[in-house]
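The primary structure of each chain is shown beneath.
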Amino acid sequence: MAVTEQRKAGLDVERIRADFPILSRTVGDKPLVYLDSAATSQKPRAVIDAEREFYERHNANVHRGIYMLSEEATELYEEARVKLASFIGATDPATVIFNRGTTESINAIAHGWGRKFLKEGDEILLTDMEHHSNIVPWQLAARATGATLRYLPITDDGLIDLSTLESSLTDRTKVFAVTGMSNSLGTLTPVHLLADAAHAVGAVLVVDGAQLVPHVPVDVRVLDCDFLTISGHKMLGPTASGGFYAKRELLEEMDPFIGGGHMIHEVYREYSTWNDVPGKFEGGTMNIAQEVGLAAAVDYLQALGMQNVRAHEEEIAAYAIERLQDAGARIVGPVDVSKRGGAVSFVYRDVHPHDVATVLNEEGIAVRAGHHCNQLVMRRFNVAATTRASFYVYNTRREVDALVNALGKADDVFGA
Amino acid sequence: MALDDIYKEVILDHYKNPRNKREMPGAALTHSKNNPLCGDEITVFADAEDGKLREVSFVGQGCSISQSSASMMTETVAGKTVGEVEELTANVRGMLSGDVEPDEDAFGELVALKGVVKYPIRVKCAVLAWDVLQEALSQGSSSAAAAH
């Protein structure tokens, strides 16, 4: 039954699982059930091999040495940029900036664009479902510029409350920063609609793509977002890989974030001129091997097909939500899987999420318990914390069953 | 079963039937703190008389470990001098970091928390109430010093 459904979705999950060495390990005497891909995904052998091969055969600094190794390293690094650009539909690879991922990217945007162009009286529009990394950098930019922060609320169903969009997005709004998919609620947001609304008032749209890009087909030409952040480690790539996309004119006009080697054109005693895009944003020795590893992750995901990835996650999220609800858990977030991804937050009876996670760990199940860097969401739904199970290409219905069965052990301990 | 190491009967009993869980309006010492990792929060109320803690209570919400630790704490520290409480707090921290072998007479039911050592991420839950009490006491002594 499960196999048939997964075939229909186009992913051969058992074959995929064989590509991930870590999935064959145990926790104590239990097989690992990894349900925390929203925090970081596991890595297929192809990614691990790509990173190792880089170090074993091609390691050198990029854009520097006049020798073969450095040329090879540069070629692999720039090839990774071409692949990542193509993956998100960016026609110009130079519009993809490498860095450690979404947190660094939003800081780079809030600093390099925000502090340069925001001024007193301007407004930054966020939503209550933003990750702290899409709130705090804007608070810092607001403090530095005198701009003010506004927030769109969340509906009871866990969606962005669009009824307040028109009144919140005004000619004072200069930037609208929104997640593409909430990391705690799982909510998919209507990015294209939000981009149109932002552009209608002359604001730029920044999309936190940390959860979106790994799980849903993304084309920046269709979304028409101005900025899109990418966390490579959440899409099968190495930690500290990824970066952000921005429209070329924005990259040209904004300031760099990290000053140092390579990001300059000329340095004088009093000032410097900047390297061309993307070099302007890549000061210092970069995460070369990690971006090369990310290129292998992109290849892997493209071979699976992002439509198939999305279909698989919709199917497994639907199954998980149904089984969790039957077991007495309350889902925090949308239950309509067409409006959400595979990060499923829940509260199990009156057992505290930390206790749930400890009980699940004894069964080899890795979930996240806490506020998920979403304190505004926790306050909105009047919970201190939730337990979150998040799914990816390698997860099975059998693992959902293991999760639900293990929740029964919480009943044994806490008499819930 | 390994879960028995952390979820001992004593802990579950204090979690389900917390002792001294009430506000104490007008208490000499009141202090609140939360664990930013999980959102657990605890407020401790304490009344002191002749250098001894006469009555200690708490309110808060959180996991079984943070709440049971708070409950046990209120029972254990009542009647002790500030110096004795500070020494006990240091020993509880030592037990939870695996550095101190608990003296069963001095610790009483608190020995039940020893199993938390095996769950490093949960140690913060167990020490939360003790952090709150310690900060309450140090604020109490600094405000007393300021009054002189």
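First things first, this report covers the structure right here in the doc.

### Remarks on the overall build of chain B
Helix and strand counts for chain B come out as six helices and three strands. Across its three principal axes, chain B shows a C-alpha extent of roughly 55 × 30 × 25 Å. Expressed as a percentage of its 148 residues, the buried residues of chain B come to 48%. For chain B, contacts bridging at least 24 residues in sequence account for 60% of all contacts bridging at least 6. For chain B, the computed accessible surface area is about 6,900 Å², with 49% contributed by carbon and sulfur atoms. Here chain B holds 14 positive side-chain charges and 23 negative ones, and the gap between their average locations is 4 Å.

### Digging into the pattern of salt bridges
Tallied over the entire structure, the rule returns 37 salt bridges over all chains. The salt bridge involving Lys174(A) is made with Asp122(A); its shortest N-O contact spans 3.4 Å. Note that Lys174(A) is positioned in strand β7 (residues 173–179) and Asp122(A) in the loop between α5 (102–117) and β5 (123–127), a separation of 52 residues in sequence. Between Lys114(B) and Glu101(B) there is a salt bridge; the shortest N-O distance is 3.0 Å.

### Regarding the packing of aromatic side chains
Taken as a whole, this structure holds eleven aromatic pairs over all chains when the rule is applied. Note on Phe414(A) and Tyr15(B): the rings are 6.0 Å apart at their centroids and 80° apart in plane angle, and the pair reads as edge-to-face. Residue Phe414(A) is found in helix α15 (residues 397–414), and its partner Tyr15(B) is found in helix α2 (residues 9–16); the two belong to separate chains. Each member of the aromatic cluster is reached from another via a ring pair, and the members are Phe20(A), Tyr300(A), Tyr392(A) and Tyr394(A). Note that Arg380(A) overlies the ring of Phe381(A), its terminal NZ or CZ placed 4.9 Å from the centroid. Above the ring of Tyr319(A), the side-chain terminus of Arg397(A) is found at 4.2 Å from the ring centroid.

### Here's the deal with helix α3 (residues 45–58) of chain A
Taking 1.5 Å of rise per residue, 14 residues should cover 20 Å, and α3(A) covers 19 Å from first to last C-alpha, within 8% of that figure. Buried residues belonging to α3(A) abut α4 (68–87) and α11 (288–304) of chain A.

### A look at the sheet that holds strand β4 (residues 96–98) of chain A
Residues and elements named next belong to chain A. A sheet is described by the order of its strands in space; here seven strands give the open sequence β4-β10-β9-β8-β7-β5-β6, paired in mixed fashion. With one partner strand each, in any of the chains shown, β4 and β6 (148–152) form the two edges of the open sheet. The mean inter-strand angle of the sheet, taken between neighbouring strand axes irrespective of direction, is 20°. Pairing analysis gives five bridges linking strand β9 (residues 227–231) to strand β10 (residues 242–246), with the strands arranged antiparallel. In the sheet register, phenylalanine 227 faces β10, and the bridge partner there is alanine 246. Against the sheet, α5 contacts β7, β8 (204–208), β9 and β10, and its axis sits at roughly 150° relative to β9. Lying over the sheet, helix α6 (residues 136–145) contacts β5, β6, β7 and β8, oriented at roughly 145° with respect to β6.

### So, the interface of chain B and chain A
Taken residue by residue, the interface counts 20 residues in chain B and 15 residues in chain A. Of all residues in chain B, the largest losses of buried area upon contact with chain A belong to Leu3(B), Tyr7(B) and Cys38(B), amounting jointly to 33% of the total for that side. Here chain B and chain A share one salt bridge between them. Notably, a salt bridge pairs Arg122(B) with Asp355(A), separated by 2.8 Å at the nearest N-O pair. If you look at where chain B meets chain A, you find seven residue pairs in polar contact (both at pLDDT 80 or more).

### Re the state of the cysteines
Residue and element names in this part refer to chain B. In the structure shown here, the tally under the stated rule is zero disulfides over all chains. Here cysteine 63 stays unpaired: no disulfide links it, and the sulfur of cysteine 125, its closest cysteine neighbor, is 3.8 Å away. We classify cysteine 125 as buried; its relative accessible area is 1%.

### Brief notes about the packing of α3(A) against α11(A)
Residues and elements named next belong to chain A. Running from N to C, α3 and α11 cross one another at 145°; their axes reach a closest spacing of 8 Å. For the element pair α3 and α11, the recorded crossing hand is right-handed. Contacts from Ala46, Val47, Ala50, Glu51, Phe54 and Tyr55 in α3 reach Ile288, Ala289, Gln290, Val292, Gly293, Ala296 and Ala297 in α11. A breakdown of the residues in the contact of α3 with α11 according to their chemical character gives ten nonpolar, two polar and one charged.

### Section: the layout of surface pockets
Here the largest pocket is characterised by a volume of approximately 490 Å³. Surrounding the largest pocket, 22 residues form its lining, Val383(A), Ala384(A), Ala385(A), Gly39(B) and Gln61(B) being those nearest its centre. Contributions of two or more residues to the lining of the largest pocket are made by α14 (375–380) of chain A together with β2 (40–49) of chain B. Split by residue class, the lining of the largest pocket holds nine nonpolar, eight polar and five charged. Considering only enclosed or pocket space, the second largest pocket measures out at about 390 Å³ in volume. Residue lining of the second largest pocket: 13 residues in total, with Ala357(A), Thr358(A), Val367(A), Ile121(B) and Arg122(B) positioned closest to the centre. At the level of elements, α13 (353–362), β15 (365–366) and β16 (368–370) of chain A are the ones that each hand at least two residues to the lining of the second largest pocket. Broken down by element, the residue count for the lining of the second largest pocket peaks at four residues, all from α13(A). Here the lining of the second largest pocket is composed, by residue class, of eight nonpolar, three polar and two charged.

Thresholds, definitions, all that
- Residues numbered from 1 in each chain as written.
- Chains lettered and ligands numbered in written order.
- Predicted model: local features only at pLDDT ≥ 70, side-chain atom pairs only at ≥ 80, totals over all residues.
- Heavy atoms only, no water.
- Helix = DSSP H or I, 4+ residues; strand = E, 2+ residues; numbered from the N terminus.
- Buried < 20%, exposed > 50% of the residue type's maximum accessible area, 1.4 Å probe, protein only.
- Contact = heavy atoms within 4.5 Å.
- Areas by Shrake-Rupley, 256 points an atom, 1.4 Å probe, with all protein chains shown as cover.
- Lys, Arg positive; Asp, Glu negative; His and termini not counted.
- Charge placed at Lys NZ, Arg CZ, Asp CG, Glu CD.
- Salt bridge = Lys/Arg side-chain N within 4 Å of Asp/Glu carboxyl O.
- Phe/Tyr/Trp six-rings, centres within 6.5 Å; stacked < 30°, edge-to-face > 60°.
- Lys NZ or Arg CZ within 6 Å of the ring centre and 35° of its normal.
- Expected span 1.5 Å × (residues − 1).
- Pairing = 2+ DSSP bridges.
- Axes fitted to C-alpha atoms, helices over the stretch in contact; angles between N-to-C directions.
- Buried area = accessible area lost by both parts, 1.4 Å probe.
- Polar contact = N/O pair within 3.5 Å; in protein donor to acceptor, adjacent residues only side chain to side chain.
- Disulfide = S-S within 2.5 Å.
- Left-handed = near helix turned anticlockwise from the far one by under 90°.
- Nonpolar A, V, L, I, M, F, W, Y, C, P; charged D, E, K, R; others polar.
- 1 Å grid on protein atoms, 1.4 Å probe; cavity = no way out; pocket = protein on both sides within 12 Å on 5 of 7 lines; lining within 4 Å.
- Points joined across faces, edges and corners; volume = space filled by probe spheres on them.

Coordinates in, geometry out; function isn't part of it.
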